[in-house]
Amino acid sequence: MTIFERATREKFRYPSAKGLLTTEQLWELPLTARSGFSLDDVAKAVNAELKAVDTESFVSTEANPAKATLETKLEVVKHVIAVRLTEDQAAKAAAAKKLEKEKLLAVLGRKQDAALENLTEADLLARINNL
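**Some thoughts on the packing of helix α3 (residues 39-53) against helix α4 (residues 65-117)**
Between α3 and α4, the shortest axis-to-axis distance is 9 Å and the interhelical angle comes to 160°. Considered as vectors, α3 and α4 are oriented roughly antiparallel to each other. In this structure, the crossing between α3 and α4 has a hand that is left-handed. Contacts between α3 and α4 involve Leu39, Val42, Ala43, Val46, Asn47, Glu49, Leu50 and Val53 on the former and, on the latter, Ala66, Lys67, Leu70, Glu71, Lys73, Leu74, Val77, Val80, Ile81 and Arg84. Within the contact of α3 with α4, the residues separate by chemical class into 12 nonpolar, one polar and five charged.

So this is what it looks like as structure tokens:
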């Protein structure tokens, strides 16, 4: 069973400043935010819950069943963060390429205009007649 299958079957809920969130809502959160409502904040909250459950008992020998659930919740949030970081990097790279292309096209346009300015009157008339 994948982590997302488990998350949806067990209806995982994640703590946030706005209340409990579903797995699907994680995709809509920003990576970081000043408001305390981001993927980073959700990951910190789940990690804090996991650490609280993970405290060692010297009396009980049984594992806490909540630990496995919290570990899976944390893996889901970490996966969403990794995908979102990759998407953000790809978007930034695409924006940089677009900006570079726009600059190159602007320079090319100026060079073409300069080349046209250097044509003789006869060359200009010949090109106009060919259009």
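**Overview of α4**
Taking 1.5 Å per residue, 53 residues should reach 78 Å; α4 reaches 79 Å between its end C-alpha atoms and fits that length. Those residues of α4 lying buried are Leu70, Thr72, Lys73, Leu74, Val76, Val77, Val80, Ile81 and Arg84. If you follow the buried residues of α4, they end up packed against α1 (3-9), β1 (13-14), α2 (23-26) and α3.

**Remarks on the packing of aromatic side chains**
Summed over all chains, the structure comprises two aromatic pairs. Here Phe4 and Trp27 contribute two aromatic rings whose centre-to-centre distance is 6.3 Å and whose plane-to-plane angle is 25°, an arrangement assigned as stacked. Of the two residues, Phe4 is situated in helix α1 and Trp27 in the loop between α2 and α3; the sequence distance between them amounts to 23 residues. Here Phe12 and Tyr14 contribute two aromatic rings whose centre-to-centre distance is 6.5 Å and whose plane-to-plane angle is 80°, an arrangement assigned as edge-to-face. Judged by relative accessible area, Phe12 falls into the buried class, the value being 3%. The ring centre of Phe37 lies 5.4 Å from the NZ or CZ of Lys18, which sits over that ring. Cation over ring: Lys73 sits above Phe12, and NZ or CZ is 6.0 Å from the ring centre.

**Remarks on the environment of Asp123**
Examined against the element boundaries, Asp123 turns out to sit in helix α5 (residues 121-130). Separated by 10 residues in sequence, Asp123 and Asp113 place their C-alpha atoms 14 Å apart.

**Describing the pattern of salt bridges**
This model, assessed by the stated rule, comprises four salt bridges. Residue Arg6 pairs with Glu10 through a salt bridge whose shortest N-O separation is 2.8 Å. Owing to a relative accessible area of 18%, Arg6 belongs among the buried residues under this scheme. With its nearest N and O atoms 3.4 Å apart, the salt bridge here joins Lys78 to Glu75.

**Some remarks on the environment of Ser38**
You can call Ser38 buried: its relative accessible area is 1%. When the C-alpha positions of Ser38 and Ala17 are compared, they lie 8.8 Å apart, and in sequence the two are 21 residues distant. With residues up to four places along the chain from it excluded, the contact list for Ser38 reads Leu29, Pro30, Leu31, Thr32 and Ala33.

**Describing the nonpolar core**
If you look at the biggest cluster of nonpolar residues, it comprises 18 residues, and the most contacted ones within it are Tyr14, Leu26, Leu29, Leu39, Val42, Val77 and Ile81. Ranked by residues supplied to this core, first place goes to α4 with six residues.

Parameters at a glance
- Residues numbered from 1 in each chain as written.
- Predicted model: local features only at pLDDT ≥ 70, side-chain atom pairs only at ≥ 80, totals over all residues.
- Heavy atoms only, no water.
- Axes fitted to C-alpha atoms, helices over the stretch in contact; angles between N-to-C directions.
- Helix = DSSP H or I, 4+ residues; strand = E, 2+ residues; numbered from the N terminus.
- Parallel < 35°, antiparallel > 145°, perpendicular 65-115°, else oblique.
- Left-handed = near helix turned anticlockwise from the far one by under 90°.
- Contact = heavy atoms within 4.5 Å.
- Nonpolar A, V, L, I, M, F, W, Y, C, P; charged D, E, K, R; others polar.
- Expected span 1.5 Å × (residues − 1).
- Buried < 20%, exposed > 50% of the residue type's maximum accessible area, 1.4 Å probe, protein only.
- Phe/Tyr/Trp six-rings, centres within 6.5 Å; stacked < 30°, edge-to-face > 60°.
- Lys NZ or Arg CZ within 6 Å of the ring centre and 35° of its normal.
- Salt bridge = Lys/Arg side-chain N within 4 Å of Asp/Glu carboxyl O.
- Core = buried A, V, L, I, M, F, W, Y, C linked by side-chain atoms within 4.5 Å.

Function-wise, these values are silent; they only describe arrangement.
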